[in-house]
Amino acid sequence: MGELMNLAFRERLRRFPDPVVTFVADTNPNYTNVCVTGCRFCAFCRKPGDADAYLLSPRELADKVRAAADQGATTVLLQGGHHPRVDLALWQDYIAAIQDACPGTHIHPFSPAEIVFMADKEKLSVEEVLTVLWAAGIRTIPGGGAEILSERVRGIIAPRKASSAQWLAVSEAAHRLGFATTATMMFGHVETDAEIVEHLFLLRDLQDRTGGFTSFIPWSFKPGATVLGRQVSQGVHAARYVRIIAVARLVLDNFTHIQSSWFSESIAAGQLGLLAGADDFGGVLVEEHVHKEAGHDRKATLENVVTIIQRAGFTPARRDSRYEVQSVYPPPSPLGTADAITA
Ligand code: SF4
């Protein structure tokens, strides 16, 4: 493990000789928790008609984004369940309402799985849906819903969700239209090591063709309150998370950024990931529901995240969703800082 971390860290230093770690101040409001796809790993979704099911209006969503922007968020990662009554016109209304309320906030919306669902619903091609988003001013798309790109795994954990081929096809189509997207992986359930490696090579092959992925973002399955959690009750050990980061840095040699997250795992695992090849620390996340519903509730302020990065020995830098650095914080002090960490 030590040798693997060392190799991956050397590769990181080859790409980024300066000990700078980026993060983004973002928020992740979900426009609806209603979903008819029913993934077995999901604690967030509700059925239409459930007592706590909701669908935000464009005004309500824009108010949430405005509140987060007032707390410093510069990006909104916008995703929701697969709601049978949400159409493309409502997606456009959400985007317009946020643009109107928060003109400076970058909108990073709609995973490939949602785009496949929307194309089916509207009887449009994926390219036509993407073209509507482009015309609305969207330039980056989150890579959620990849889980593990294996039909065997998806047949167990998410049989009604977009297939591996569809997830890859949306990403490729988006790249060809000019969007930058992220690549994700949710591991620690029923996948094998070989399937993780296959997932990474599928991403690398697509990146060779398009160059459109900005970063790779892995996170571990959170079993709390999920159907799958009755079968896979153990969370992922931090050592495995760090190993995944290191392997990703070495295999994904055509990806610029690898993310290690304090939020999806723990502060210690996030910091160790920075020593295993990651150069990015993810988001501050003013608002988040998906992990919280699975019992994984993390909170930190922007100042906390800066301190966590400094205490791992790196210089924090705030970025936007295109990974352009906006501001650089002081480098770590040998004496550390006195800020409280509440995450
Ligand atoms: S993970 Fe997404 S698509 Fe799957 S059930 Fe949850 S909200 Fe729906």
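Look a little higher up for the structure.
One structure accompanies this document, and this report is about it. Since the model is a prediction, treat every value here as computed from it, not as a measurement.

1. With respect to the side chain of Q259
Within the secondary structure, Q259 sits in the loop between strand 8 (257-258) and helix 10 (267-274). Here D280 takes part through its side chain, which lies 3.3 Å from a polar atom of the side chain of Q259. Sequence-distant contacts of Q259, defined by excluding residues within four places in its chain, comprise F216, I217, P218, Y241, I245, A278, D280, F281, G282, R319 and Y323.

2. Regarding the nonpolar core
Membership of the largest hydrophobic core comes to 57 residues, with the highest contact counts inside it found for L203, F216 and F281. With 7 residues, helix 9 (residues 238-251) is the single largest residue contributor to this core. Excluding anything up to four places from it in sequence, F216 contacts A183, T184, M185, H199, L200, L203, A248, L252, F255, H257, I258 and Q259. Counting 37 residues, the second-largest nonpolar core is a separate cluster that includes V76, I115, V126 and I138.

3. Details of the site of the ligand
Lining the immediate environment of the ligand, one finds C35, T37, G38, C39, F41, C42, C45, G81, H82 and K161. When its residues are assigned to classes, the shell around the ligand shows 5 nonpolar, 4 polar and 1 charged.

4. A word on the layout of surface pockets
Gaps left between atoms are located by rolling a probe of water-molecule size over the structure's atoms. Empty space within the second largest pocket amounts to approximately 170 Å³. What lines the second largest pocket is C35, V36, T37, G38, C42, A43, C45, R46, K47, D50 and R160. Within the lining of the second largest pocket, the residues separate by chemical class into 5 nonpolar, 2 polar and 4 charged.

Thresholds applied
Here the residue numbers are simple positions, counted from 1 along each chain's written sequence. Totals for whole chains, interfaces and linings use all residues, but because this is a predicted model, local features are given only for residues with pLDDT of at least 70 and pairs of side-chain atoms are given and counted only at 80 or more. Working from all heavy atoms in the structure, the side-chain values ignore hydrogens and water. Under the DSSP-based scheme used, a helix requires at least four consecutive residues in state H or I and a strand at least two consecutive residues in state E, with every element numbered from the N terminus. Counting of polar contacts relies on pairs of N or O atoms within 3.5 Å, with two restrictions inside protein: one atom must be capable of donating a hydrogen and the other of accepting it, and residues adjacent in sequence are counted only when both atoms are side-chain atoms. For this analysis, residues touch if any pair of their heavy atoms sits within 4.5 Å. Residues grouped as a nonpolar core are buried Ala, Val, Leu, Ile, Met, Phe, Trp, Tyr and Cys residues, joined through side-chain atoms within 4.5 Å. The classification of residues rests on relative accessible area computed with a 1.4 Å probe and restricted to protein chains. Under 20% of the type maximum is buried, over 50% is exposed, and intermediate values are partly exposed. We define proximity as follows: a residue is near a molecule or strand when any one of its heavy atoms falls within 4 Å of that partner. In this classification, the charged set is Asp, Glu, Lys and Arg, the nonpolar set is Ala, Val, Leu, Ile, Met, Phe, Trp, Tyr, Cys and Pro, and all remaining amino acids, among them Gly, are polar. Space inside and on the surface of the protein is sampled on a 1 Å grid over the protein atoms alone, with a cavity defined as a set of points where a 1.4 Å probe fits but cannot get out and a pocket as an open set with protein on both sides within 12 Å along at least 5 of 7 lines; lining residues have an atom within 4 Å of a point. Grid points are joined across faces, edges and corners, and a volume is the space filled by probe spheres set on the points.

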